Amino acid sequence: MPGTLITVAPTGAETAKADVPQLPTTLEELVETAQRCEAAGAGLVHVHVRDSDAGHVPTLDPVRLRDTVQALREATDLVVQLSTGGSVHDPLEARLTVLDAEPDSCSLTCGTLNFGDDVFLNPFPFMSDLYVQAQEREVVPEFELFDLGHVAALRRLLDRHGLPYGGKVHVDLVTGVPGGMPGTVEALVAAVQMLPPEVTSWSATGIGRAHLPVAAAALAMGGHLRVGMEDNLVYARGRPVQHNAELVERVAGLATTMQRPPLRPDEARELLGVKERRSR
Ligand code: KMH
Ligand code: ZN
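Residues numbered from 1 in each chain as written. Chains lettered and ligands numbered in written order. Predicted model: local features only at pLDDT ≥ 70, side-chain atom pairs only at ≥ 80, totals over all residues. Heavy atoms only, no water.

**Student:** Tell me about the packing of helix H1 (residues 27-40) against helix H8 (residues 244-257), and name the residues and values.
**Tutor:** Direction vectors running N to C along H1 and H8 enclose 15°, while the axes themselves pass 9 Å from each other. If you check the angle between H1 and H8, you find them roughly parallel. Pair H1 / H8 crosses with right-handed handedness. Contacts from Thr33, Arg36, Cys37 and Ala40 in H1 reach Asn244, Ala245, Val248, Glu249 and Ala252 in H8. Looking at side-chain class alone, the contact of H1 with H8 contains 5 nonpolar, 2 polar and 2 charged residues. (Axes fitted to C-alpha atoms, helices over the stretch in contact; angles between N-to-C directions. Helix = DSSP H or I, 4+ residues; strand = E, 2+ residues; numbered from the N terminus. Parallel < 35°, antiparallel > 145°, perpendicular 65-115°, else oblique. Left-handed = near helix turned anticlockwise from the far one by under 90°. Contact = heavy atoms within 4.5 Å. Nonpolar A, V, L, I, M, F, W, Y, C, P; charged D, E, K, R; others polar.)

Rendered as structure tokens:
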């Protein structure tokens with residue numbers, strides 16, 4: 001069985017810096033986090049950018065996005081994935097412009113869902129536009145599947161537009177969002193059983209306290225892992241996460257125990273079929 005791709009999602013768009021000061025939101029904090037997570041076993045960083053001049057709110061500012069990709073590429077070998085989900089308040093048009101920053105990879109959510117008390121909007125025409133533009137720009141999408149209907153929508157997308165750039169199809173099964181599939185082993189098994197045959201690798205995310213059982217189940221089923229403060233702020237009962245690297249270290253240990261040690265960034269690049277954009 002192959003090793004384990006560990007994705008770290010260090011920031012997200014939902015948590016306020018004022019509530020969680022250890023959340024990495026500045027460029028310096030993000031780079032330091034990426035370096036420590038790489039050393040702990042991460043192969044990919046899933047990035048949401050914040051505007052540190054304006055209360056650390058989520059932003060899709062093109063200059064900040066480009067600077068962030070460049071800084072992470074210079075400081076680490078991690079696969080750099082930009083979120084095209086942004087925050088629930090970002091307009092669809094702005095979310096498409098994320099590709100202008102030329103990341104290695106971009107997230108692509110395969111359907112609309114309730115997201116807590118909000119709605120995370122992903123109509124099929126938007127998914128199609130994003131997918132085709134990613135193909136044209138040679139950016140590898142990671143399909144974010146929050147529900148079983150999203151698995152079916154991925155099949156529709158692949159039928160209509162063919163394979164992504166690089167020929168690999170990597171999905172992340174996101175469980176435990178209020179409005180999506182629950183963070184249970186049963187939901188994970190159902191989603192994995194429905195994956196289209198084109199899927200070459202999958203990872204799983206459990207939101208909040210689901211992150212550990214979902215990680216353990218994913219490892220046992222041959223899947224890869226995503227952890228990070230975007231998804232979970234509690235390391236153990238009564239003990240907040242102090243740094244994203246703690247979460248990476250813990251699942252890297254679990255993966256190693258399961259005889260599926262963390263993939264190095266170059267192995268992650270091969271797994272996902274990303275284009276070589278580093279100048280070193
Ligand atoms: N922040 C959520 C609304 C993604 O990064 O593509 C969407 C999200 C998914 O986090
Ligand atoms: Zn995200």
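**Student:** Before we move on, can you summarise the sheet that holds strand E10 (residues 170-175) with the specific residues and values?
**Tutor:** If you walk around this closed barrel you meet the 8 strands as E1-E2-E5-E6-E9-E10-E11-E12, and the pairing is parallel. Ignoring which end each strand starts from, the neighbouring axes of this sheet average 25° apart. For strand E5 (residues 79-82) and strand E6 (residues 105-109), the ladder comprises 2 bridges, and the chain directions are parallel. In the strand pairing of E6, Leu82 is matched with Cys106. Lying on the sheet, helix H4 (residues 124-137) is in contact with E6 and strand E9 (140-145); it crosses E6 at an angle near 160°. (Pairing = 2+ DSSP bridges.)

**Student:** Break down the pattern of salt bridges for me, citing the residues and quoting the values.
**Tutor:** Per the counting criterion, the structure on display carries 17 salt bridges. One salt bridge connects Asp231 with Arg226, and the closest N-O pair in it is separated by 2.8 Å. Between Asp266 and Arg278 there is a salt bridge; the shortest N-O distance is 3.1 Å. With a gap of 12 residues between them, Asp266 in helix H9 (residues 265-272) and Arg278 in the segment after H9 connect regions that are remote in the sequence. A cluster of three or more residues bridged by salt bridges with shared partners is formed by Arg73, Asp77, Asp104, Asp266, Arg269, Glu276 and Arg278. (Salt bridge = Lys/Arg side-chain N within 4 Å of Asp/Glu carboxyl O.)

**Student:** I'd like a rundown of the packing of aromatic side chains, residues and numbers included.
**Tutor:** For the structure on display, the rule yields 4 aromatic pairs. Pairing Phe115 with Phe120 gives two aromatic rings, centres 5.7 Å apart and planes at 70°, and the pair type is edge-to-face. Judged by relative accessible area, which is 18%, Phe115 ranks as buried. Here Phe115 and Phe146 contribute two aromatic rings whose centre-to-centre distance is 6.3 Å and whose plane-to-plane angle is 65°, an arrangement assigned as edge-to-face. Placement of the pair is Phe115 in strand E7 (residues 113-115) and Phe146 in the loop between E9 and helix H5 (148-161), with a sequence separation of 31 residues. A network of ring pairs unites the aromatic residues Phe115, Phe120 and Phe146 as a single cluster. (Phe/Tyr/Trp six-rings, centres within 6.5 Å; stacked < 30°, edge-to-face > 60°. Buried < 20%, exposed > 50% of the residue type's maximum accessible area, 1.4 Å probe, protein only.)

**Student:** For the site of ligand 1, give the residues involved together with the corresponding values.
**Tutor:** Ligand 1 sits among Glu14, His46, His48, Ser83, Gly85, Gly86, Val88, Ser107, Phe115, Phe120 and Glu230. Contact between ligand 1 and Glu14: a nitrogen atom at 2.8 Å from a side-chain N or O atom of the residue. In this structure, a nitrogen atom belonging to ligand 1 sits 2.8 Å away from a main-chain N or O atom of Gly86. The residue inventory of the shell around ligand 1, partitioned by class, reads 3 nonpolar, 6 polar and 2 charged. (Near = heavy atom within 4 Å. Polar contact = N/O pair within 3.5 Å; in protein donor to acceptor, adjacent residues only side chain to side chain.)

The values are spatial; any link to function lies outside them.
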